[in-house]
Amino acid sequence: MGSTSSQLDKDALSEYQELTFLTKQEIILAHERFSAMLPQEYKGATNIRLPMEKILEMPELKSNPFNKRICHVFSTSQPNDGSLTFEDFLDLLSAFSEAATMEIKSHYAFRIFDSDNDGTLGREDLEKMVTLLTGDSKDTSLNGEEMGQLINNILEESDIDKDGTVNLSEFQHVISRSPDFVSSFKIVL
Amino acid sequence: MLIVVSQDVVKVLFVFSADESIQSTLSSDSYEYYQTEIFDLLPSVQASRPEQDRHGALDANEVYGGAPGSAEDSGHGVGTRDKTSLQPLRNLALCMQGKRGARRKMQISNIGFWESWRRSQANNRRRVWVQMGEVATGLLPWRHTLHKIQGKFGVGVKAYFIFLRYLIYLNLLHCLLIGGFIIGPTLYYSNRTENDSVLDTLLGSGFLDRSPVFFGFYEPGSLNLPCLNTPLLYRAGILTIFFLSLIMVVRRTIVGYKHTWLLGKRYSMNVSFKIFCGWDFNIQDPSAAALKHSFIRNDLKLFLEEQSFSLRKAQRTLGQKVLLYLLRFILNIIVISLLGGAFCLIYLSSKYLETTDGHGWLAKLVLQYLPPITITFVNLVLPHIFRKISSFEDYSLTVQVNTTLVRSIFLKLASLGIFLVFVFKSNTNVSKSNCRENQFGREMYKLCIFNFLATFTALNKKITSEKYPTSLLARLSGKQRFLIPFNVLDLVYIQTVSWVGVYYCPLLPLIGIITLVFTFYIKKFSVLRCCVAEQRMFRASSSSVLFYFMLLLSLFMAAAIYSSVPFCRTFCGPFLNEKTVFNVTEDCVSSLPSSVQNTLRYLASEAFALPLILAEIIILTSYVSRGRANQKAIERLKDINSDKRFLVKEHATLLRSRKNVTRSPSEGRPVSVDRLQL
């Protein structure tokens, strides 16, 4: 399993196992993948930030419309530029792993969808989401009227307290009824 | 149903407690998992508590043993369980550093070797299951093609292809049964040889007449035990086919119906699902991602269209309604007269069938194929007219498709039925040498072959429009659209012919399989290469129920035709020598030992029928009453659920107003219960 320089020490491994939903093999694999993306001179260093552009080149994230949001959500950099350390990367994989609970998954899904980071999904957030979901080709995307109608529908269904936005609890309420959210909100290396 | 609703209850509770965690993410170090007293007190929640406990606490208890619940005991009300102490650190939505900080507070040691091994084993087991499931679905043929089609053309078109695949399975099963029951024994116990010209392949005469394709071949051979002879096997084979088909189709219809019913209007979370759970994060392939995009887009557009239609419908005035109903009435009269005309045409063409003598071979071929040509022509043209008509009737898109389907299926089945009746009538005076059943089987065979040839027309259109883009035909047909109803109708029609003909032409299912497999590839080609995606989509779930329902109808029609079979005397085939289906079984029964005979006779008598009917009534009654009771329970549960929604709403407004009034420093803290209850 990889060269000696890319191996994690035992304590770190068991700590990561405790703090994430990942198994030992998954953590080792994640470490290999992460260090493969590092530039040559930093090989083996654990606290290096990998810029967002590099992360987005991973095939697992490349075609995901929410890939930039994912990086921003899991990044701990100040100010937030979407760059990830190895631990951030593990956090990401943990949230998207098979073992992660519904609660964790829906929490992160909410933050990924909340593109202005204000803690609720407003009209703009929803609009941005729909645009990302339907793709950005000009001829086929929804027009303004359709978009308005759609957003109204979403709010009518999900916005229980009628404050014009979907907050986390309302979001989780909807998500929890979907049978296939847990299986679709998953990224496995 | 019950389980679903009780889960809902858990979810509501869960939502509620999560209400606060949005604040906790905003503040830096609070990761508490709050619960609010109101929901704890609800009886329904308490009923569902054990389940939740099991889920939430199982892992945690083992990890932390008797971990002190004192890590933070903030403003919780009395009796509120401290959820935090039971949560493993992984369950906290924090970054790695945050979790470390949390652990430092809780002073918990690292997990041991045994625990880590156990956990990875559990993960591996889950993965193996998932993989096994994937392998199992991978065994289904054409999965990749179906996925591609779904992405490009939506669920509706995919439902068509799934239906097609289902029919292939069905026919494969038929073939196996026929092979086992009929062909195998007959071939094994008899041997003959003969040969003829090529034209006979198309007409189904000559060597084909004497081949295993038709009824006449299956004469009782050397296998002639009283209870194991060719006629009995023949009959058993056909009956098994029918019963199995009935069971399979009914099951499929009911499953589909249940699905539609569950997804009906009573659950109004549909759009939010589509948006919030729409993306599949597993997708890696860019082309798959593009497919998913277009799939979501199509789905949303369909939804919006249906919604705006129902809005328009609600705004109709009385005058408009009257006008509309008048228009619909007139259009229905037109439809009926068109149907009548079509039936006349079929009658005339089957008249010509009798005057086939004294012509050249080409004329003979054309005349022989006149009825199938007429039927296929009528079936090709009229549905399109019906489609145009239904577009004037101002129904919603799904209803439009369904009315067209119903009208067309009526046309198809009725035209087939009328044709069969004529063939039966015209054949009553055929001589003994010319086997009547073979004649009938031949008509079915010709219908099948012609259908097969007709599937190639779509291909021809494509080729002409590509080679001669300026030709009249190409300009007329324009860009093709894949019209699901008509394609489904074709399939149902093929299956009906196969069912009706299987008694007279036992190899028809085999021909059916070949036809269907070719159809699959032709349709796939024409869908992916020749058709443009529909701007308007229609919903798959309700339509696929209709597909199977039509199949059921056609099965009933075939059964109705067969119900007349046992009463006809035949001069060829298994029931030769004055044997009817009835005396064959009679012979078998009388050869059995007397006790078995008596039992069988009792089972077949009226004396047994009465208790049987009584038992059926009792069982039915109990099921009906159970169904009613369930219905009531569902209603009650729905009430509970709406109560809960109301409470959540109330609480949310309360919280908000409180927040506005007192922007207290303890922003991230929960509202303690005693304050809430004020």
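What you are looking at is a predicted structure, and each value in this text was computed from that prediction instead of being measured.

S.K.: How do you make sense of the overall build of chain A when you look at a structure like this?
M.R.: Counting its secondary structure elements, chain A contains 11 helices and 2 strands. Ordered by position in the sequence, the α and β elements of chain A form the string α-α-α-α-α-α-α-β-α-α-β-α-α. For chain A, with 189 residues in total, the buried portion stands at 60%. In chain A, the proportion of contacts linking residues at least 24 apart, taken out of those at least 6 apart, comes to 56%.

S.K.: In this structure, what is going on with the overall build of chain B? I would like to understand it.
M.R.: Per the secondary structure count, chain B includes 27 helices and 2 strands. Burial statistics for chain B: of 678 residues in total, 45% are counted as buried. In chain B, of all internal contacts separated by at least 6 residues, the share reaching a separation of at least 24 is 78%. Carbon and sulfur atoms provide 65% of the accessible area of chain B, an area that totals close to 35,500 Å².

S.K.: Help me understand the confidence of the model for chain B, please; the structure alone is not making it clear to me.
M.R.: Reading fine detail from the predicted coordinates is not recommended where pLDDT is low. Residues and elements named next belong to chain B. Per-residue confidence for chain B gives a mean pLDDT of 69, with 59% of residues at or over 70. Of all helices and strands in chain B, the one with the weakest mean pLDDT is helix H1 (residues 2-26) (39), whereas helix H26 (residues 606-661) scores best (85). Confidence drops under a pLDDT of 50 for residues 1-40, and excluding neighbours within four residues, the segment shows 98 contacts in the predicted structure. Taken as a whole, residues 664-678 scores under 50 in pLDDT and shows 22 contacts with residues more than four places along the chain or in a different chain. Reported for the predicted complex are a pTM of 0.60 and an ipTM of 0.86.

S.K.: In this structure, what is going on with the UniProt feature "transmembrane region" (unreviewed entry) in chain B? I would like to understand it.
M.R.: Residue and element names in this part refer to chain B. Taken from the UniProt record, the annotation "transmembrane region" (unreviewed entry) applies to residues 166-189, 232-250, 322-349, 361-383, 404-424, 507-524, 545-565 and 602-624. From the first C-alpha to the last, residues 232-250 spans 27 Å; its make-up is 100% helix and 0% strand. Between the C-alpha atoms that bound residues 404-424 the distance is 30 Å, and the span itself is 100% helix and 0% strand.

S.K.: It is not clear to me how the interface of chain A and chain B should be interpreted in this structure. Could you clarify?
M.R.: Where interface size is quoted, it is often the accessible area lost as the parts come together. At the junction of the two partners, chain A supplies 75 residues and chain B supplies 67 residues. At the boundary of chain A with chain B, total buried surface from both sides reaches about 6,700 Å², with 59% on carbon and sulfur atoms. Its largest share of buried area at the contact with chain B, chain A owes to Glu-18, Glu-157 and Arg-177 of chain A, together 11% of the area lost on that side. Across the chain A-chain B interface, the total number found is 0 salt bridges. Viewed at the interface, chain B and chain A are joined by 5 residue pairs in polar contact (both at pLDDT 80 or more). Classifying every residue of the side of chain A that touches chain B by side-chain character gives 33 nonpolar, 26 polar and 16 charged.

S.K.: Sorry, what's going on with the pattern of salt bridges here?
M.R.: When charged atoms on two side chains of opposite charge get close, those side chains can pair. Residues and elements named next belong to chain A. Applying the stated criterion to the full structure yields 2 salt bridges over all chains. A salt bridge links Glu-60 to Arg-33, with the shortest nitrogen-to-oxygen separation between them at 3.1 Å. You can see Glu-60 sitting in helix H4 (residues 59-62) and its partner Arg-33 sitting in helix H2 (residues 24-37), a full 27 residues away along the chain. Among the residues examined, Glu-60 registers a relative accessible area of 6% and is labelled buried. When its relative accessible area of 26% is taken as the criterion, Arg-33 is described as partly exposed. For Asp-88, the salt bridge is made with Arg-49, and the minimal N-O distance between the two is 3.6 Å. Of this pair, Asp-88 sits in helix H6 (residues 86-95) while Arg-49 sits in the loop between H2 and helix H3 (52-56), and the two are 39 residues apart along the sequence. Looking at Asp-88, the relative accessible area reads 3%, which means it is buried. Under the relative-accessibility criterion, Arg-49 is labelled partly exposed at 33%.

S.K.: Could you clarify how one ought to interpret the packing of aromatic side chains in this entry?
M.R.: Each aromatic ring pair is described using two quantities: the centre-to-centre distance and the angle formed by the ring planes. Applying the stated criterion to the full structure yields 20 aromatic pairs over all chains. With 5.9 Å between their ring centres and 75 degrees between their planes, Phe-113 of chain A and Phe-171 of chain A make a pair best called edge-to-face. Residue Phe-113 of chain A is located in helix H7 (residues 102-113), and its partner Phe-171 of chain A is located in helix H10 (residues 168-177); the two are separated by 58 residues in the primary sequence. Owing to a relative accessible area of 2%, Phe-113 of chain A belongs among the buried residues under this scheme. Measuring from ring centre to ring centre gives 5.2 Å for Tyr-166 of chain B and Tyr-548 of chain B, while their planes differ by 85 degrees; the resulting arrangement is edge-to-face. On the criterion of sequence distance, the pair formed by Tyr-166 of chain B in helix H8 (residues 155-189) and Tyr-548 of chain B in helix H23 (residues 540-562) is long-range, its members being 382 residues apart. The exposure classification of Tyr-166 of chain B matches that of Tyr-548 of chain B, with both residues buried. Each residue in the set Phe-66, Phe-74, Phe-96, Tyr-108, Phe-110, Phe-113, Phe-171, Phe-181 and Phe-185 of chain A together with Phe-276 and Phe-281 of chain B is aromatic and connected to the rest through ring pairs, giving one cluster. Positioned over the ring face of Tyr-493 of chain B is Lys-412 of chain B, at 5.0 Å from the centre of the ring.

S.K.: How should I be thinking about a negative patch on the surface in this particular structure?
M.R.: A surface patch of negative charge is lined by Asp-116, Asp-118, Glu-124 and Glu-127 of chain A. Judged by its relative accessible area of 42%, Asp-118 of chain A falls in the partly exposed class.

S.K.: Teacher, can you tell me more about the nonpolar core here?
M.R.: A general trend in soluble globular proteins is that nonpolar side chains are found buried together. The biggest cluster of nonpolar side chains holds 84 residues, and the ones touching the most others in it are Phe-161, Phe-163 and Leu-551 of chain B. Here this core takes 14 residues from H8 of chain B, the largest share from any one element. Counting residues in each nonpolar core, the second largest holds 73 residues, with Met-58, Leu-61, Phe-74 and Ala-100 of chain A among its members.

S.K.: Help me understand unusual backbone geometry, please; the structure alone is not making it clear to me.
M.R.: If a residue is not glycine, its phi is most likely negative; likewise, a peptide bond is most likely trans. The phi torsion at Asn-117 of chain A lies on the positive side, around 55 degrees, for a residue other than glycine. The class of Asn-117 of chain A is exposed, set by a relative accessible area of 55%.

S.K.: Explain the environment of Val-157 of chain B here, please?
M.R.: Residue and element names in this part refer to chain B. By the element assignment, Val-157 lies in helix H8. Classification of Val-157 as buried rests on a relative accessible area of 5%. Residues Val-157 and Val-488, spaced 331 residues apart in sequence, show a C-alpha to C-alpha distance of 9.9 Å.

S.K.: Teacher, can you tell me more about the confidence of the model for chain A here?
M.R.: Residues and elements named next belong to chain A. Residues of chain A with pLDDT of at least 70 account for 90%, and the chain-wide mean is 81. Mean pLDDT values for the elements of chain A range from 78 in helix H11 (residues 181-184) up to 89 in helix H5 (residues 67-74). Low pLDDT, under 50, characterises residues 1-5; the stretch is placed with 5 contacts to residues that sit more than four places away or in other chains.

S.K.: Explanation requested: the packing of H2 of chain A against H6 of chain A in the structure shown.
M.R.: All names here are of chain A. Orientation of H2 relative to H6, taken along the N-to-C sense of each, is 130 degrees, at an axis distance of 11 Å. The angle between the axes of H2 and H6 places the two elements in the oblique class. Between H2 and H6 the crossing geometry is right-handed. Together, Ile-27, Ala-30, His-31 and Phe-34 of H2 and Phe-86, Phe-89, Leu-90 and Leu-93 of H6 make up the contact between the two elements. Along the lines of polarity and charge, the residues of the contact of H2 with H6 split into 7 nonpolar, 1 polar and no charged.

S.K.: Help me understand the environment of Thr-134 of chain A, please; the structure alone is not making it clear to me.
M.R.: Take Thr-134 of chain A: it is sitting in helix H8 (residues 123-134). Ignoring any residue separated from it by four or fewer positions in sequence, one finds Thr-134 of chain A in contact with His-293, Ile-296, Arg-297 and Leu-300 of chain B. A polar atom in the side chain of Thr-134 of chain A sits 3.4 Å from the backbone oxygen of Thr-131 of chain A.

S.K.: Just to check I follow, could you spell out the packing of H8 of chain A against helix H13 (residues 286-314) of chain B for this structure?
M.R.: Relative orientation and spacing of two packed helices are given, respectively, by the angle between their axes and the distance between those axes. Packing of H8 of chain A against H13 of chain B leaves a shortest axis separation of 7 Å and a crossing angle of 120 degrees. In this view, H8 of chain A runs oblique relative to H13 of chain B, as classed from their interaxial angle. Here H8 of chain A contributes Val-130, Leu-132, Leu-133 and Thr-134 of chain A to the contact with H13 of chain B, which in turn contributes His-293, Ile-296, Arg-297 and Leu-300 of chain B. The residue makeup of the contact of H8 of chain A with H13 of chain B, split by class, is 5 nonpolar, 2 polar and 1 charged.

S.K.: Would you take a moment to explain the environment of Thr-621 of chain B for this structure?
M.R.: Mapped onto the elements, Thr-621 of chain B comes out in helix H26. Residue class for Thr-621 of chain B comes out partly exposed when judged on its relative accessible area of 47%.

Rules and cut-offs
- Residues numbered from 1 in each chain as written.
- Chains lettered and ligands numbered in written order.
- Predicted model: local features only at pLDDT ≥ 70, side-chain atom pairs only at ≥ 80, totals over all residues.
- Heavy atoms only, no water.
- Helix = DSSP H or I, 4+ residues; strand = E, 2+ residues; numbered from the N terminus.
- Buried < 20%, exposed > 50% of the residue type's maximum accessible area, 1.4 Å probe, protein only.
- Contact = heavy atoms within 4.5 Å.
- Areas by Shrake-Rupley, 256 points an atom, 1.4 Å probe, with all protein chains shown as cover.
- pLDDT = per-residue confidence, 0-100.
- UniProt positions renumbered as here; feature names shortened; annotations may be inferred.
- Buried area = accessible area lost by both parts, 1.4 Å probe.
- Salt bridge = Lys/Arg side-chain N within 4 Å of Asp/Glu carboxyl O.
- Polar contact = N/O pair within 3.5 Å; in protein donor to acceptor, adjacent residues only side chain to side chain.
- Nonpolar A, V, L, I, M, F, W, Y, C, P; charged D, E, K, R; others polar.
- Phe/Tyr/Trp six-rings, centres within 6.5 Å; stacked < 30°, edge-to-face > 60°.
- Lys NZ or Arg CZ within 6 Å of the ring centre and 35° of its normal.
- Patch = residues over 30% accessible without salt bridge, like charges linked within 9 Å, V, L, I, M, F, W, Y side chains within 5 Å.
- Lys, Arg positive; Asp, Glu negative; His and termini not counted.
- Charge placed at Lys NZ, Arg CZ, Asp CG, Glu CD.
- Core = buried A, V, L, I, M, F, W, Y, C linked by side-chain atoms within 4.5 Å.
- Axes fitted to C-alpha atoms, helices over the stretch in contact; angles between N-to-C directions.
- Parallel < 35°, antiparallel > 145°, perpendicular 65-115°, else oblique.
- Left-handed = near helix turned anticlockwise from the far one by under 90°.

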